[in-house]
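Residues per chain are reported as follows:
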Amino acid sequence: MRKLLVFIFPLMLFSCNGNAQKNDKASQEYEVTKTDAQWKAELSEGQYRILRKGDTERAFTSPLNDIKEPGTFVCAACGNPLYKTKYKFDSGTGWPSFDRPIEDAVSYGRNTSFGYEDNEVHCARCGGHLGHVFEDGPRNTTGERHCINGLAMEFIPEGE
Ligand SMILES: [Zn+2]
């Protein structure tokens, strides 16, 4: 019996360990990962607060609100293409709003390392906090409203 335990015990350890590693990886599996100090040095103060600390900019402050020309909104932290002007609509909220993201560009939900809420939207490449998604968007398209901080994005006009 004692011999059997000797075999079982290491196996249990191994399997617990395996799970722990998997969980760690899930929170860090972004293609772009940097330390907090690196992000702080690279981003403006406002960008850092929103992208890395989950803050929200004041409504009607982003110049990206008014953009109507064709182009792509990319992540201000890592350059990942997130949204297109053709997905943008005037929600009247004071934040750039889109009815859908570029496919696979964003991920949703809780990231315990950031303290995300369930409806939070973040960049699928670097994990940066972008904004929130709501279900009161245009009913003639997706019904989704991606309410995104302008400071979390940069606009690249089509052809550039
Ligand atoms: Zn990003």
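Rules behind the numbers
Residues numbered from 1 in each chain as written. Predicted model: local features only at pLDDT ≥ 70, side-chain atom pairs only at ≥ 80, totals over all residues. Heavy atoms only, no water. UniProt positions renumbered as here; feature names shortened; annotations may be inferred. Buried < 20%, exposed > 50% of the residue type's maximum accessible area, 1.4 Å probe, protein only. Helix = DSSP H or I, 4+ residues; strand = E, 2+ residues; numbered from the N terminus. Pairing = 2+ DSSP bridges. Donors = N, O, S within 2.8 Å, 3.2 Å for Na, K, Ca; no water. Tetrahedral: all angles 85-135°; square planar, octahedral: opposite > 155°, others 65-115°. Contact = heavy atoms within 4.5 Å. Salt bridge = Lys/Arg side-chain N within 4 Å of Asp/Glu carboxyl O.

- As annotated in an unreviewed UniProt entry, the protein carries the name peptide-methionine (R)-S-oxide reductase and comes from Salegentibacter flavus.
- Turning to the protein, the UniProt annotation filed under Catalytic activity (unreviewed entry) states: "L-methionyl-[protein] + [thioredoxin]-disulfide + H2O = L-methionyl-(R)-S-oxide-[protein] + [thioredoxin]-dithiol".

## A short note on the pairing of strand 6 (residues 120-123)
Next, step 1: Neither face of strand 6 is left uncovered, since the one carrying E120 and H122 and the one carrying V121 and C123 both have all their residues buried.
Next, step 2: In this sheet, strand 6 lies alongside strand 5 (residues 106-108) in antiparallel orientation, the contact comprising 3 bridges. Looking across to strand 6, one finds that Y108 is bridged to V121.

## Some remarks on the sheet that holds strand 8 (residues 145-148)
Next, step 1: Pairing is antiparallel across the open sheet formed by 6 strands, whose spatial order is 3-4-8-7-6-5. Only two strands of the sheet have a single neighbouring strand rather than two, namely strand 3 (88-89) and strand 5.
Next, step 2: Here strand 7 (residues 129-134) pairs with strand 8 via 4 bridges, running antiparallel. The residue bridging G131 from the neighbouring strand is I148, located in strand 8.

## Focus on the coordination of the zinc ion
Next, step 1: All of the protein donors around the zinc ion are C75 (SG), C78 (SG), C123 (SG) and C126 (SG); their distances to the metal are 2.3 to 2.4 Å.
Next, step 2: Coordination at the zinc ion comes from 4 donor atoms whose angles at the metal span 102 to 115 degrees, giving a geometry best classed as tetrahedral.
Next, step 3: Written as a sequence motif, the donor residues of the zinc ion are C-x2-C-x44-C-x2-C. Within this pair, whereas C75 is found in strand 1 (residues 71-75), its partner C123 is found in strand 6, the two being separated by 48 residues in sequence.
Next, step 4: By relative accessible area, which is 0% here, C123 ends up buried.

## Some points on the environment of L64
Next, step 1: Take L64: it is sitting in the loop between helix 3 (45-53) and strand 1.
Next, step 2: For L64, a relative accessible area of 11% corresponds to the buried category.
Next, step 3: Linking L64 and L151, residues 87 residues apart in sequence, is a C-alpha distance of 8.5 Å.
Next, step 4: Apart from the residues lying within four places of it in its own chain, the contact partners of L64 are F73, K88, P96, G150, M153 and F155.

## Observations concerning the pattern of salt bridges
Next, step 1: Under the definition given, this model contains 6 salt bridges.
Next, step 2: Residue D55 pairs with R49 through a salt bridge whose shortest N-O separation is 2.7 Å.

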